[in-house]
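# Descriptive analysis of the structure
Chain by chain, the residues run as shown.
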Amino acid sequence: MAEAIPRYALYGEGQASAPGGFAHIETIAERSALHDWEIGIHRHDHFVQVLLVEEGHASVTLEGDATGLEGPGRVIVPAAAVHGFRFRQGTRGFVLTLSTDFSTRAVGAGDPLLTMLARGGIAHLSAEAAARALWLAREMLVLQQEWQQQDPLFLALAESLIRTLGRDEAGAAESPRDDQRLTRFRQLIELHYRQHRDLDFYAGALGLTRRTLSRLTAAQLGCSPMDLIHRRLALEARRLLRYTNATATQVAGELGFDDPSYFSRFYLRMTGRRPGEERD
């Protein structure tokens, strides 16, 4: 199946690689003004992106959902999420791109930094958080002009910026704090969701019983382990149906479904839509 979703590290600069310690910041205008203030649909498989809108307006498409954001506000795009932006001409702000190994700066599995990087999303910023985040972004922009690979000060400022955004999020305290087993389970899903492994495989890999794994996801996420696996499958199916020219049968095969009819029923159950409706 031909891949039709462009993959970049920095938008428009060829195929993305995954260098450890990659970090880059630029103004919104620096790149978007070259493209008539529109950044088309794309993804960064090995990079997290943080968009800060200081002043102006951004139309944000994130995993197929469109949202308008007036500054001051922020968008965090997790690795592999399909997204695009359209800015009002003259919109001011910054775009920070970090390789996924930036998450190793977290101090433990319950560190809110991990939640911010993995969950992402769109939010308005308080005046205090916006002032601090934008100051940090400007400092990073100055540092980058004298860039040295993996500059520890640049990375420290980037960490401070993301933690500032996390503290400003009103609902952050309501999110469950994942333990290491749940973090590892999510990693295993990412590696194996196309292979349709059964629950015994995941539980065994984690050193847990099926019952313990089920209790863990129910207590912290309010769902079953298979719900998480199926949501990841449905998310990838939605990406392929919306942003490639693949047929539903091709998507079914790409995602390990032997029976296209079963895939159609699965997709309808998970999303409330038939695969063909994603073309409308």
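Up top is the structure these notes are about.
Summary of the structure given here. (Residues numbered from 1 in each chain as written. Predicted model: local features only at pLDDT ≥ 70, side-chain atom pairs only at ≥ 80, totals over all residues. Heavy atoms only, no water.)

Another point: unusual backbone geometry. A cis amide bond links Gly 71 to the next residue, Pro 72, at an omega of 0°. Structurally, Pro 72 can be placed in the loop between strand S5 (65–70) and strand S6 (73–77). Although it is not a glycine, Asp 36 sits at a positive phi angle of roughly 55°. Mapped onto the fold, Asp 36 is located in the loop between helix H1 (28–32) and strand S2 (38–42). The backbone of His 196 shows a phi angle near 55°, a positive value even though the residue is not glycine. Counting through the fold element by element, His 196 comes out in the loop between helix H5 (180–192) and helix H6 (199–206). (Helix = DSSP H or I, 4+ residues; strand = E, 2+ residues; numbered from the N terminus.)

Enumeration according to the criterion identifies 8 aromatic pairs in this entry. Here the aromatic rings of Phe 185 and Tyr 202 are separated by 5.5 Å at their centres, their planes lie at 80°, and the arrangement is edge-to-face. With Phe 185 in helix H5 and Tyr 202 in helix H6, the pair connects residues that are 17 residues apart, well separated along the chain. For Phe 185, a relative accessible area of 0% gives the class buried. Taking the centre distance of 6.1 Å and the plane angle of 40° together, the rings of Phe 263 and Tyr 267 count as tilted. (Phe/Tyr/Trp six-rings, centres within 6.5 Å; stacked < 30°, edge-to-face > 60°. Buried < 20%, exposed > 50% of the residue type's maximum accessible area, 1.4 Å probe, protein only.)

This part takes up the packing of H5 against helix H8 (residues 225–243). Where H5 meets H8, the closest approach of the two axes is 10 Å, and the angle between their N-to-C directions is 40°. Relative to H8, H5 is oriented oblique. Considering only the axes of H5 and H8, their crossing is right-handed. Side by side, H5 and H8 meet where Phe 185, Ile 189 and Glu 190 of the first sit next to Pro 225, Leu 228, Ile 229 and Arg 232 of the second. Looking at the contact of H5 with H8 residue by residue, the class counts come to 5 nonpolar, no polar and 2 charged. (Axes fitted to C-alpha atoms, helices over the stretch in contact; angles between N-to-C directions. Parallel < 35°, antiparallel > 145°, perpendicular 65-115°, else oblique. Left-handed = near helix turned anticlockwise from the far one by under 90°. Contact = heavy atoms within 4.5 Å. Nonpolar A, V, L, I, M, F, W, Y, C, P; charged D, E, K, R; others polar.)

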